[in-house]
Amino acid sequence: MENIKLFFQERAFGVCSKLGEKLHFPIDSIRLFFIYSSFITLGSPIIVYVSLGMLMKIRTYLRRKNNPVLFD
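A quick note: this is a predicted structure, and the numbers were derived from the prediction, not measured. (Residues numbered from 1 in each chain as written. Predicted model: local features only at pLDDT ≥ 70, side-chain atom pairs only at ≥ 80, totals over all residues. Heavy atoms only, no water.)

**Q** So what's going on with helix α2 (residues 15-23)? Residues and values would help.
**A** Within the span of α2, buried status applies to V15, C16 and G20. Relative to the axis of α2, the buried residues are bounded by an arc of 130° and lie together on one face. In α2, those exposed residues whose orientation departs by more than 90 degrees from the buried face are E21 and K22. Two residues or fewer past α2, H24 is found with a positive phi of approximately 55°. (Buried < 20%, exposed > 50% of the residue type's maximum accessible area, 1.4 Å probe, protein only. Helix = DSSP H or I, 4+ residues; strand = E, 2+ residues; numbered from the N terminus. Arc of directions from axis to C-beta.)

And the structure:
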């Protein structure tokens, strides 16, 4: 069970951890909110989660592109 947990934690977008850091809120509570709200609203928070994850990836890509590393 621990291997499955580590597999998903390594390959997740990190949206819950970023929100937890920004809002100073426990990460586990945010994850539970996404899970419960997904069951109640038939999956609409999953769309929000994926879109936030994609925005985070695009944002890091653009930051790397704007700040190239120069070697002397």
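**Q** How would you summarise helix α3 (residues 27-40) if you had to cite specific residues and measurements?
**A** Quick reminder: α-helices carry 3.6 residues per turn. Residues three or four places apart thus point the same way. Here α3 spans 20 Å end to end across 14 residues, near enough to the 20 Å set by a 1.5 Å rise per residue. Of the residues making up α3, those classed as buried are I30, F34, S37 and S38. Taken around the axis of α3, the buried residues stretch over an arc of 105°, which confines them to a single face. Facing away from the buried side of α3 by over 90 degrees, the exposed positions are D28, Y36, F39 and I40. After α3 finishes, the residue L42 shows a positive phi value of roughly 60°. (Expected span 1.5 Å × (residues − 1).)

**Q** Can you lay out unusual backbone geometry for me, pointing to particular residues and giving the numbers?
**A** Comment: phi is negative for the bulk of residues other than glycine, and the bulk of peptide bonds are trans. Although it is not a glycine, H24 adopts a positive phi angle of roughly 55°. Within the secondary structure, H24 is located in the loop between α2 and α3.

**Q** Describe in detail the confidence of the model for the protein, supporting the description with residues and values.
**A** Reading predicted coordinates in detail is not appropriate for stretches of low pLDDT. For the protein, the mean per-residue pLDDT works out to 77, and 79% of the residues sit at or above 70. By mean pLDDT, helix α1 (residues 2-11) is the weakest element of the protein at 70, and α3 is the strongest at 82. (pLDDT = per-residue confidence, 0-100.)

**Q** Describe a positive patch on the surface, listing the residues and the values that go with them.
**A** Positive charge collects at one region of the surface, where K18, K22, R59 and R63 lie side by side. Put simply, the parts of the chain that give the positive patch at least two residues each are α2 and α4 (44-66). Along the chain, the position of K18 falls in helix α2. The class for K18 is partly exposed, based on a relative accessible area of 43%. (Patch = residues over 30% accessible without salt bridge, like charges linked within 9 Å, V, L, I, M, F, W, Y side chains within 5 Å. Areas by Shrake-Rupley, 256 points an atom, 1.4 Å probe, with all protein chains shown as cover. Salt bridge = Lys/Arg side-chain N within 4 Å of Asp/Glu carboxyl O. Lys, Arg positive; Asp, Glu negative; His and termini not counted. Charge placed at Lys NZ, Arg CZ, Asp CG, Glu CD.)

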